[in-house]
Amino acid sequence: MAAPVRAVVSGQWLADAIQNKLVGPKLRILDGSWYLPKSKRNTREEFNQKHIPGASFFDIDECCDKSSQYDHMLPTSSDFSRYVGDLGIGNDTHVVVYDTSDFGSFSAPRVWWTFRVFGHSLVSVLDGGFKHWLADGHPVTSDYSKPERRDFQANLNQSWVKSFEDVLENIKTKQVQVVDARSAGRFRGTDPEPRGDIQSGHFAGAINMPYTTFLEPSGKHKNPEALTKLFKDAGVDPEKPIWASCGSGVTACHVVLAADRLGCTDLCLYDGAWVEWFKRASPELIISEGQGKQA
């Protein structure tokens, strides 16, 4: 999964690129902000008010499989190609993604992973996100001009995407490490899930590594040395295959991003994640210190 560009780029690097007028067909910036409905944040409206100069808005809930009953599941290759082509992105475009999270990074790794799984390795996450961009005094704007459309050819790597059935089988075989990026309380079943119809808990064999642990307290992404220790302390071997999960497939991408930065290549995502698991699994497959799932 190793890529020819750095998976994480600094705000200063991007500010220099903007100042040198490099934003265009070969460099595109995307605001990939997405939040749970309970946050009541209108990300597109926030983008319209202020964003990094030259950025376009990438809507995770728009660029998805709308036929699925689950949130923002991966779109088809043709739908993804059309969506990003409309944002002026071609197969030779370096894409830099950020989000406006107070944590410094939340949904941007999901957009990063979506490009990677569709065969586009020229993609990076902005370190510290919009939070640090503002704190460092870099420019923002409300101006937006739609980029000229480009042709993009997506090539989905289906093997990087795991299904409910794959996870079910892995619970029996215990072949692959599965990391869950939700908070410890949601993982254990002691804190509620943000979606009212889903109870918290986890499936057998999952290892909890909350996505916030991959970030420094400042909101920047931890360096490789710190990430190596993080995986070791959690009992996860980055030399072996890793599947990542979370609530709905967004913050799980922090696990993939971190492991990718350590040079790991066998990294997959359970796209349906806990929401699908809870809805489809029988009660005995829900491990919870809370109420679990009633038969």
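All figures in this text were calculated on a predicted structure; none of them were measured in a lab. (Residues numbered from 1 in each chain as written. Predicted model: local features only at pLDDT ≥ 70, side-chain atom pairs only at ≥ 80, totals over all residues. Heavy atoms only, no water.)

Attention shifts here to the packing of aromatic side chains. This structure, assessed with the given rule, holds 18 aromatic pairs. Seen from their ring centres, Phe80 and Phe115 are 5.1 Å apart, and the 75 degrees between their planes marks the pair as edge-to-face. Of this pair, Phe80 sits in helix 3 (residues 77-85) while Phe115 sits in helix 4 (residues 108-117), and the two are 35 residues apart along the sequence. Assigned by exposure class, Phe80 and Phe115 land together as buried. One aromatic cluster is present, formed by Phe58, Phe80, Tyr83, Phe115, Phe118 and Phe152 through successive ring pairs. Above the ring of Tyr35, the side-chain terminus of Arg41 is found at 4.2 Å from the ring centroid. (Phe/Tyr/Trp six-rings, centres within 6.5 Å; stacked < 30°, edge-to-face > 60°. Helix = DSSP H or I, 4+ residues; strand = E, 2+ residues; numbered from the N terminus. Buried < 20%, exposed > 50% of the residue type's maximum accessible area, 1.4 Å probe, protein only. Lys NZ or Arg CZ within 6 Å of the ring centre and 35° of its normal.)

Interaxial distance between helix 4 and helix 9 (residues 252-261) falls to 8 Å at its minimum, and their mutual angle equals 65 degrees. Compared by their axis directions, helix 4 and helix 9 come out roughly perpendicular. As helix 4 runs across helix 9, the sense of the crossing is left-handed. Judged by residue contacts, Pro109, Arg110, Trp112, Trp113 and Arg116 of helix 4 engage Cys253, His254, Val256, Leu257 and Asp260 from helix 9. Considered class by class, the residues forming the contact of helix 4 with helix 9 number six nonpolar, one polar and three charged. (Axes fitted to C-alpha atoms, helices over the stretch in contact; angles between N-to-C directions. Parallel < 35°, antiparallel > 145°, perpendicular 65-115°, else oblique. Left-handed = near helix turned anticlockwise from the far one by under 90°. Contact = heavy atoms within 4.5 Å. Nonpolar A, V, L, I, M, F, W, Y, C, P; charged D, E, K, R; others polar.)

Let us look at the sheet that holds strand 7 (residues 177-180). The parallel open sheet is built from five strands, whose spatial order is 6-10-9-7-8. In this open sheet, the two edge strands, each paired with only one partner strand, are strand 6 (161-162) and strand 8 (206-208). Looking at chain direction, strand 9 (residues 242-245) and strand 10 (residues 267-270) are connected through three bridges and run parallel. Bridge pairing in strand 10 links Trp243 to Cys268. (Pairing = 2+ DSSP bridges.)

All right, on to the sheet that holds strand 4 (residues 94-98) then. Pairing is parallel across the open sheet formed by five strands, whose spatial order is 1-5-4-2-3. The open sheet has two edge strands with one neighbour each: strand 1 (8-9) and strand 3 (55-57). Sheet topology places strand 2 (residues 27-31) next to strand 4; five bridges connect them, and they run parallel. Across the sheet, Arg28 pairs through a bridge with Val95, a residue of strand 4. Contacting strand 1, strand 2, strand 4 and strand 5 (123-126), helix 1 (residues 11-19) runs over the sheet at an angle of about 125 degrees to strand 2. Relative to the sheet, helix 4 contacts strand 2, strand 4 and strand 5, its axis offset from that of strand 5 by approximately 175 degrees.

Of note, Thr251 is situated in the loop between strand 9 and helix 9. For Thr251, a relative accessible area of 9% translates into the label buried. Note: C-alpha distance between Thr251 and Arg110 (141 residues apart in sequence) is 6.9 Å.

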